[in-house]
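Spelled out from the first residue to the last, the chains are:
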Amino acid sequence: MEININCDLGEKSKYHSNKHDPDLLEIVNSANIACGYHAGDEETMNQVVEISKKNGVSIGAHPSFNDPENFGRERMNLSSSELEKLITDQYEILQTISSNHGENVTHIKPHGALNNMACEDIDLATTLAKVIKRINPELIYLVPTGSKMEQAAKKLDMKIACEIFADRNYEDDGNLVSRKKPHALITDPEQAKKHVLKMVQTQSLNCHSGKQIPCEIDSICIHGDNISSLETAKSVRKNLLDNGLKLETLNKMKKFI
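Bear in mind the structure is a predicted one, so any value in this text is a computation, not a measurement.

> I would appreciate a short explanation of the packing of aromatic side chains in the present structure.
Two numbers describe a pair of aromatic rings. These are the distance of the centres and the angle of the planes. Summed over all chains, the structure comprises one aromatic pair. Ring centres of Tyr15 and Phe71 lie 6.0 Å apart, and the angle between their planes is 65°; on these two criteria the pair is classed as edge-to-face. Pair noted here: Tyr15 is in the loop between β1 (2-9) and α1 (21-24) and Phe71 is in the loop between β3 (58-62) and α3 (80-100), with a separation of 56 residues, a long-range link.

> Would you mind showing me how to read helix α5 (residues 122-135) here?
Count 3.6 residues to each turn of an α-helix, and residues three or four apart come out pointing the same way. For α5, built from 14 residues, the straight-helix expectation of 20 Å at 1.5 Å per residue is met to within 8% by its first-to-last C-alpha distance of 20 Å. The complete set of buried residues in α5 reads Leu124, Ala125, Thr127, Leu128, Ala129, Val131 and Ile132. Those residues of α5 that are buried lie in contact with α3, β4 (105-108), α4 (112-120), β5 (140-144) and α6 (148-155). Near the N-terminus of α5, the side chain that reaches the backbone nitrogen of Asp123, with its oxygen 2.9 Å away, is that of Asp121.

> Which parts of the structure should I look at to understand the pairing of β1?
In regular strands, side chains alternate between the two faces of the sheet. In terms of residue burial, β1 counts as a mostly covered element, since eight of its eight residues are buried. Here β1 pairs with strand β2 (residues 30-34) via four bridges, running parallel. Across the sheet, the residue bridging to Leu9 is Ile33, located in β2.

> Is there a simple way to explain the pairing of β3 in this structure?
Burial of β3 is extensive: five of the five residues sit out of reach of the surface. Because side chains alternate across β3, one face comprises the buried residues Ser58, Gly60 and His62, and the other comprises Ile59 and Ala61, equally buried. Traced from β2 through helix α2 (residues 42-55) to β3, the parallel crossover comes out right-handed. In terms of strand pairing, β3 meets β4 through three bridges, oriented parallel. Counterpart to Gly60 in the pairing with β4 is His107. As for the winding sense of the linkage, the β-α-β connection from β3 through α3 to β4 is right-handed.

> Any chance you could explain unusual backbone geometry here in plain terms?
With glycine set apart, most residues show a phi of negative sign, and most peptide bonds adopt trans. With a phi close to 55°, Phe71 is a non-glycine residue in the positive phi region. The exposure class of Phe71 is buried, given its relative accessible area of 3%. Here Asp157, not a glycine, exhibits a phi torsion of approximately 55°, which is positive. Structurally, the position occupied by Asp157 is in the loop between α6 and β6 (159-165).

> Help me understand the pattern of salt bridges in this model?
Here the idea is simple: oppositely charged side chains can pair when their charged atoms come close. Applying the stated criterion across every chain, the model contains 15 salt bridges. Across the pair Asp89 and Lys85 runs a salt bridge whose closest N-O atoms are separated by 2.8 Å. Of this pair, Asp89 and Lys85 are both found in helix α3, four residues apart, which corresponds to roughly one turn of the helix. Relative accessible area serves as the criterion here: at 23%, Asp89 is assigned to the partly exposed category.

> Mind showing me how you'd approach the packing of α3 against α5 here?
When two helices pack together, their arrangement is given by the angle between the helix axes and by the axis-to-axis distance. Taken N-terminus to C-terminus, the directions of α3 and α5 make an angle of 45°; their axes are 10 Å apart at the nearest point. By the angle class used here, α3 and α5 are oblique. Helix-helix and strand crossings are classified by hand; for α3 and α5 the assignment is right-handed. Mapping the contact onto sequence places Ser80, Leu83, Glu84, Ile87, Thr88 and Tyr91 in α3 and Leu124, Thr127, Leu128, Val131, Ile132, Arg134 and Ile135 in α5.

> I would appreciate a short explanation of the packing of α5 against α6 in the present structure.
Where α5 contacts α6, the axes come no closer than 8 Å and their chain directions differ by 50°. With respect to each other, α5 and α6 are oriented oblique. Of the two elements, α5 crosses α6, and the hand of that crossing is right-handed. Listed contacts from α6 to Ile122, Ala125, Thr126 and Ala129 of α5 are Lys148, Met149, Gln151, Ala152 and Ala153. Each residue belonging to the contact of α5 with α6 can be placed in one class, and the counts come to six nonpolar, two polar and one charged.

What counts and what doesn't
- Residues numbered from 1 in each chain as written.
- Predicted model: local features only at pLDDT ≥ 70, side-chain atom pairs only at ≥ 80, totals over all residues.
- Heavy atoms only, no water.
- Phe/Tyr/Trp six-rings, centres within 6.5 Å; stacked < 30°, edge-to-face > 60°.
- Helix = DSSP H or I, 4+ residues; strand = E, 2+ residues; numbered from the N terminus.
- Expected span 1.5 Å × (residues − 1).
- Buried < 20%, exposed > 50% of the residue type's maximum accessible area, 1.4 Å probe, protein only.
- Contact = heavy atoms within 4.5 Å.
- Polar contact = N/O pair within 3.5 Å; in protein donor to acceptor, adjacent residues only side chain to side chain.
- Pairing = 2+ DSSP bridges.
- Right-handed = clockwise from strand over helix to strand, strands pointing away.
- Salt bridge = Lys/Arg side-chain N within 4 Å of Asp/Glu carboxyl O.
- Axes fitted to C-alpha atoms, helices over the stretch in contact; angles between N-to-C directions.
- Parallel < 35°, antiparallel > 145°, perpendicular 65-115°, else oblique.
- Left-handed = near helix turned anticlockwise from the far one by under 90°.
- Nonpolar A, V, L, I, M, F, W, Y, C, P; charged D, E, K, R; others polar.

Written out as structure tokens, the structure is:
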């Protein structure tokens with residue numbers, strides 16, 4: 001069975017150091033790169049793309065609300081045209097940098113509040129999906145499994161990779177536990193690796209309550225801005241390989257070839 005490990009990277013900001021990015025890029029298969037709107041800048045984008053190329057890691061854009069003061073985690077209401085410009089501009093910024101390194105952006109994954117809102121709102125999810133398909137129908141759309149984003153993308157017959165989170169707990173409705181709650185994050189790498197393996201093997205979400213929700217799982221996200229992200233990534237990767245799973249970049253998974 002194939003599985004992918006992705007990580008949000010290039011998120012240098014007042015909230016987060018990117019010092020572990022080079023180490024994480026030796027572990028993960030696909031990088032979701034901040035495009036300067038919630039974090040990062042031209043320097044960090046160049047760095048992550050360069051190291052990704054060296055390590056055979058596939059490159060993805062990680063577009064966000066233009067809100068660096070809140071790391072893109074505050075909800076905003078934008079019109080469809082504003083959203084189209086927001087996503088398109090960030091994709092083009094990263095694609096231009098990637099082209100300079102002889103690489104291409106092969107997937108997109110929205111960040112933070114934008115992602116959370118689209119998980120819950122089918123109209124917003126549909127708008128985002130249409131924008132991404134318009135940019136390039138060959139782009140892989142990395143979406144939380146079981147979300148409205150998955151539903152909208154399937155209706156448009158897009159290339160979809162469904163992800164779970166190694167370091168986050170789930171509510172009984174399949175959404176992530178709010179970061180405002182004390183049990184939102186999983187910071188123990190041992191707990192994270194068991195959490196991930198069970199979900200991958202059963203193709204279901206492990207909710208914090210103990211409930212399981214059947215779902216599709218193609219990729220595992222490790223947030224690069226958590227204090228234990230590096231150890232969690234190492235632990236998750238080793239445990240998956242030890243249990244016979246094959247790790248692959250998103251753009252080389254059999255379902256997309």
